[in-house]
Amino acid sequence: MPNAQCQHGGAASFSKLYLVGGVDAASNYTDLIQVYDRLAGEWNAEPLVLSQVRARIPCAISGGKMVCGGGITFGSLVEHATVEIYDLTAGSMDLAQLSLARAEHSAAAVGNKVIFAGGTDLQVQFPITCVPSDVVDLYDVVANTWEVGQLSQARFGMASAVLGDKVFFEGQ
């Protein structure tokens, strides 16, 4: 990887692995989108970057679009609602907003939908607390529309898995 980073988002499509944002080796937040091309056996930086530097950004790919949303910038304790919708074919990026700024949430793609679920709503006051969220944002990549739903209970730090046409979220 050309730029070492951690706490980044990631997604894979066909022969490419995308690593998005995160924190670099000098502890700086980054807006880079790095791509590993398995067929070429090499890393490249995408010409497009995130609209904001941030870490812990869940991403998923559906319909030729990588959708990355939310995340956090720890130094300022800011959670983000920004969503980047990266058209992998056209090489263009559009912006949208989650219904709730959050981090520690999960993303998955099923069919033509990308789903962002749960997470934390950081309450920046003393003591700093993380309030679990039950919010689910569903983005339809074909219709370019958003819906808001709800988990059965508020959760964060979840794993997500797709089985057939269903997404399962498991976590705290």
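Residues numbered from 1 in each chain as written. Predicted model: local features only at pLDDT ≥ 70, side-chain atom pairs only at ≥ 80, totals over all residues. Heavy atoms only, no water.

## Looking at the confidence of the model for the chain
Next, step 1: Here the chain averages 89 in pLDDT, and 94% of its residues register 70 or above.
Next, step 2: The least confident element of the chain is strand 15 (residues 120-123), whose mean pLDDT is 74; the most confident is strand 14 (residues 113-117), at 97. (pLDDT = per-residue confidence, 0-100. Helix = DSSP H or I, 4+ residues; strand = E, 2+ residues; numbered from the N terminus.)

## As for the pattern of salt bridges
Next, step 1: With the rule as written, the count across this model stands at 4 salt bridges.
Next, step 2: The shortest N-O distance in the salt bridge between Arg54 and Glu84 comes to 2.5 Å. Here Glu84 lies in strand 11 (residues 82-87) and Arg54 lies in the loop between strand 6 (42-45) and strand 7 (59-62), a separation of 30 residues in the sequence.
Next, step 3: On the accessibility criterion, Arg54 (0% relative accessible area) is buried.
Next, step 4: Taking the relative accessible area as the measure of exposure, Glu84 reaches 1% and is therefore buried. (Salt bridge = Lys/Arg side-chain N within 4 Å of Asp/Glu carboxyl O. Buried < 20%, exposed > 50% of the residue type's maximum accessible area, 1.4 Å probe, protein only.)

## With respect to the sheet that holds strand 2 (residues 9-13)
Next, step 1: Taken in spatial order, the 4 strands line up as 2-3-5-6 in an open sheet, and their pairing is antiparallel. The open sheet has two free edges, formed respectively by strand 2 and strand 6, since each of these has just one partner strand. With direction set aside, neighbouring strand axes in the sheet form an average angle of 20°.
Next, step 2: Pairing between strand 3 (residues 16-20) and strand 5 (residues 33-37): 5 bridges, direction antiparallel. (Pairing = 2+ DSSP bridges. Axes fitted to C-alpha atoms, helices over the stretch in contact; angles between N-to-C directions.)

## Thoughts on the packing of aromatic side chains
Next, step 1: Counted under the stated rule, the structure contains 2 aromatic pairs.
Next, step 2: Summarising the aromatic geometry, the rings of Tyr36 and Trp43 are spaced 5.2 Å apart at their centres and angled 50° between planes, so their arrangement reads as tilted.
Next, step 3: For Trp43, a relative accessible area of 27% puts it in the partly exposed group.
Next, step 4: Here Tyr139 and Trp146 contribute two aromatic rings whose centre-to-centre distance is 4.8 Å and whose plane-to-plane angle is 35°, an arrangement assigned as tilted.
Next, step 5: Among the residues examined, Trp146 registers a relative accessible area of 29% and is labelled partly exposed. (Phe/Tyr/Trp six-rings, centres within 6.5 Å; stacked < 30°, edge-to-face > 60°.)

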